[in-house]
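Now for the letters of each chain:
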Amino acid sequence: MAATFTVNGKTVTVEHNCKLMRYLRDTLRLTSVKDGCSEGACGTCTILIDGKPVKACVQQTDRMNGKSILTVEGLSDFEKEVYVYAFGAAGAVQCGFCIPGMVLCAKSLLDTNSDPTEAEIAHALRNNICRCTGYVKIIKAVQIAAAVLRAGVIPEAETDWRVGARVARLDVREKVLGTGIYTDDMQLPGMLYGSAVRSKYPRARVLAIRTEKAKALPGVACVLTAEDIPCLTKVGHLKRDWDVMIGVGRITHYLGDAIALVAAETPEILEQAKALVEADYQELEPVRSAYEAMEEGTPQLHPGGNLLAQRHVRRGNADEAIRHAPHVISGHFSTPFTEHAFLEPECAVAEPWGDGGVQIYCSDQSVYDTQHEICPMLGLQPEQVRVENRLVGGGFGGKEDVVVQHHAALIAYLTKRPVKVKLTRAESILIHPKRHPMDMDFTLACDNDGTILGVKAQVIADTGAYASLGGPVLERACTHAAGPYNYQNFEIDGRAYYTNNPPAGAFRGFGVTQTCFAIETLLNRMAHKLGISPWEIRYRNAIRPGQTLPNGQIVDESTGLVETLQAVKDVYESAPYAGIACAMKNAGVGVGIPDTGRVRLAVEDGKLVIHSGASCIGQGLGTVLVQVAVETTGLAREDIRYAPVNTFAAPDSGTTSGSRQTLITGEACRRAAALFQAARAGRSLAEMEGEEFYAEYLAKTDPLGSDKPNPVSHVAYGYATQVAILGEDGKLQRIVAAHDVGRAINPLSVEGQIEGGVVMSMGYALTERYPLDNCKPTARFGTLGLFKANAVPKIEAVIVEKAGVEQGYGAIGIGEITSIPTAPAIAEAYYRFDGKERNRLPLADTPYAKA
């Protein structure tokens, strides 16, 4: 039945019923309407229907007759400028994928309430998820927008872009208005749609794959199996153990394994064709846990066995220290799988390029890593595989592995046609690597004054079906398990095992969120046992400049743990139900692994253009690099342009991981800018047209197990203290997060990172679940337990700046540490509230716990 309605003031008629979101995106090309889940759960597709916010993904066009639809594209010019200003000034935009939906919720509210309270704004945003910001600055943006709309005049934006300025991010406009291009927004002429047929069982031998019926369906361009892969049949971020597709006679590793790839002219034909691919299996008993994996007689899932990695870190003699200590406590702790839940599902577009090569457009955390994984699969040289980032709708570590890029590249290479391969939200929840679940046994020994004498620990991790970054995550979990304290007797043994569960890999905090929960919880219990304050026991043991960490590194003058403790002391001591925890986190890869940032500056069309292969996944790296360039060269903001991230015009700046880009690539940018400034000699940019300036910075460190008495494991560490405060109802009332960041390049962005990281780990501590049933995830996006705007307490970000890092204007990465101490701080708050010790996440017996 035909339906006639208006979209942004224009009358349209739809003859054949379809999902409203698909009509708006695919037919009208209104890209502000984002496809985040297609389940009515995330809110990225929010539009206004007759003035009310509605999720377009669950509406049908045949029900729109006579209705008026508004998307961000249909806002008045003045409204557009108001929201661009407000969201920029507030620092409300990070990855940006949720922002158009938030803007329309704000408009709906402000059209009827010109001066809403914070609570009213949070209520209006309650059905829209943001995984980056923690909602604090989005609520502030709506307040600013309300004030500007009442005044009728838009203030001037900040123009000082030097280091330390609170400037709006450079990509605010395109993200607020929906004009910025994420990979799923791309449409190429003649583009196919591709997807994988997945395994029916977590562990089974594939006996046969029949593709004839699918190939015979009109509109199907290809049906590929493992036999069609030109060269290497495995990919992998560090270890090539991940099957591109499982071939006949091979054994599947998890339910996310691809057994065939299908490409078709339309998404509808694609789904029909996938259903026609038939496979026969011999079902095998899966390995469901790390403990099953280590049992004698258990099937060996990979050629080297079920043990992916083992890490042993030792300094001093922990056993002796514990044996002679007057006070010893132990505990067993468990943390779960966690889903990243970035708002943008994985998507890649690939097309033939040059003489037999391919070009890939994607939203991932390193274009060079993607190139590195795809070249051997296709048997091509790096210059034949070009990779370019589009906007990245969040990552948090979950987009470090290739899950769609290689499949898109393979289809484009073999069909000689462009193709889009995109995961559904259900596929995303199944396929990409998660946070490692860990079981941990810790023992802590102290003297009568609470001085730490020694710590001993064991960690068991489930790394799932494939390696991903399981080895480095385990390593970081072990090296940071000692905490940010000054003692010299430490020993830990960590093991990560393959299972048939979904893979586990990088996730914000990189293993340290798990072990920090254990050591910080034990430290709180030790304080109670000794009758001293949990704040005081940390202050007495806190690492200070010139002292030695348990890993042997002598820390530098930037070490600000004591200052973060001092920043929260009054807040902590004045609240009856307050919990506290500290953390440290490395900036940079460290432990002897080559870690280089690279930047090429070029004068192009009268602008100084920044070329860097470092992906921006919402942390605001482009803005940081522009501020560094402004500070170093003295140029105005409008004289500098930040170029797209790719492998063909930008140098390899390493993976966006390990809180490394601001420091490592920021220093490379500073060096390149200094070369430009030295060569400038009073010349104008027009006179320097075509000149280039390249620089790099190698963050040199010592390997794990170095025989040096005081090895440099990392070029810098960030430190933090967080305090969680409960109200009389047992709900979170306030969180204060004090973070030592060295130098804040952009304090507005730093605050946003802190707020977002805190809220993410509030979910980790209290509400988020990723349940598995026989290796199969059972959660949908709407049941993951993500915090919503109306449930977030007051969050106060305290920036502690302390000089001491020479590189990158003294900046220390902030992306990961923001999530690390939150869970143990909350656990301690609940202990003070009800006297119950909690050793497992999410915490039980709280107002947030599911029945």
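Remember, predicted model here, so these are calculated numbers, not experimental data.

K.L.:
Can you walk me through the nonpolar core in this structure?
P.N.:
In summary, soluble globular proteins display a tendency toward joint burial of nonpolar side chains. Ranked by size, the top nonpolar core spans 168 residues in total, and within it Phe 87, Val 176, Phe 442, Phe 781 and Ile 826 carry the most contacts. Among the elements that make up this core, the one with the highest residue count is helix H15 (residues 512-530) (10 residues). Filtering out sequence-adjacent residues up to four positions away, Ile 826 remains in contact with Ala 724, Leu 732, Ile 735, Met 762, Ala 765, Leu 766 and Leu 843. Membership of the second largest hydrophobic core comes to 102 residues, among which are Cys 362, Ala 412, Val 599 and Cys 669.

K.L.:
For this particular structure, what's the right way to read the pairing of strand E2 (residues 10-14)?
P.N.:
In the case of a regular strand, side chains alternate between the two sheet surfaces. By the bridge criterion, five bridges tie strand E1 (residues 3-7) to E2 in an arrangement that is antiparallel. Residue pairing across strands places Thr 6 opposite Thr 11, the latter belonging to E2.

K.L.:
Please clarify how the packing of aromatic side chains should be interpreted in this entry.
P.N.:
Geometry of an aromatic ring pair is reported as the spacing of the ring centres plus the angle between the planes. Per the counting criterion, the structure on display carries 15 aromatic pairs. Look at Tyr 201 and Tyr 281: their rings are 5.4 Å apart centre to centre, the planes differ by 80°, and that puts the pair in the edge-to-face class. Within this pair, whereas Tyr 201 is found in the loop between strand E6 (192-198) and strand E7 (204-210), its partner Tyr 281 is found in strand E12 (residues 278-283), the two being separated by 80 residues in sequence. According to the relative accessible area criterion, Tyr 281 is buried, its value standing at 18%. Every member of this aromatic cluster is reached through a ring pair, and the members are Trp 242, Tyr 254 and Tyr 466. Above the face of the Phe 342 ring, Lys 399 is positioned so that its terminal group lies 4.5 Å from the ring centre. We note Arg 435 situated over the ring of Phe 507; from NZ or CZ to the ring centre the distance is 3.9 Å.

K.L.:
What am I meant to see in the side chain of Asn 646 here?
P.N.:
Mapped onto the elements, Asn 646 comes out in the loop between strand E25 (640-642) and helix H19 (661-680). In this structure Asn 646 comes out as buried when scored by relative accessible area, which is 4%. A polar side-chain atom of Asn 646 sits 3.5 Å from the main-chain carbonyl oxygen of Pro 644. Polar contacts involving the side chain of Asn 646 include one to the main-chain amide nitrogen of Phe 648, which spans 3.2 Å. When sequence neighbours within four positions are dropped, the list of residues in contact with Asn 646 reads Val 367, Tyr 368, Val 387, Glu 388 and Gly 613.

K.L.:
For this particular structure, what's the right way to read the sheet that holds E25?
P.N.:
As summarised here, the arrangement of the four strands in space is E25-E24-E23-E26, forming an open sheet in which the pairing is mixed. Each edge of the sheet is formed by a strand with only one pairing partner; in this case those strands are E25 and strand E26 (692-698). Taking the axes of each pair of neighbouring strands and ignoring which way they run, one obtains an average angle of 20° across the sheet. Strand contacts of helix H18 (residues 621-633): strand E24 (607-611) and E25, with the helix running at about 155° to E25, the strand carrying the most contacts. Relative to the sheet, H19 contacts strand E23 (596-604), E24 and E26, its axis offset from that of E26 by approximately 145°.

K.L.:
So what exactly am I meant to see when it comes to the sheet that holds strand E14 (residues 327-335) here?
P.N.:
Taken in spatial order, the five strands of this open sheet run E13-E21-E20-E19-E14, and their pairing is mixed. Two strands bound the open sheet, and with one partner strand each, they are strand E13 (307-315) and E14. Mean inter-strand twist for the sheet, computed between neighbouring axes without regard to direction, equals 5°. Pairing geometry for E14 and strand E19 (residues 438-446), over nine bridges, is antiparallel. Along E19, the bridge assignment pairs Thr 335 with Met 438.

Conventions adopted
Residues numbered from 1 in each chain as written. Predicted model: local features only at pLDDT ≥ 70, side-chain atom pairs only at ≥ 80, totals over all residues. Heavy atoms only, no water. Core = buried A, V, L, I, M, F, W, Y, C linked by side-chain atoms within 4.5 Å. Buried < 20%, exposed > 50% of the residue type's maximum accessible area, 1.4 Å probe, protein only. Helix = DSSP H or I, 4+ residues; strand = E, 2+ residues; numbered from the N terminus. Contact = heavy atoms within 4.5 Å. Pairing = 2+ DSSP bridges. Phe/Tyr/Trp six-rings, centres within 6.5 Å; stacked < 30°, edge-to-face > 60°. Lys NZ or Arg CZ within 6 Å of the ring centre and 35° of its normal. Polar contact = N/O pair within 3.5 Å; in protein donor to acceptor, adjacent residues only side chain to side chain. Axes fitted to C-alpha atoms, helices over the stretch in contact; angles between N-to-C directions.

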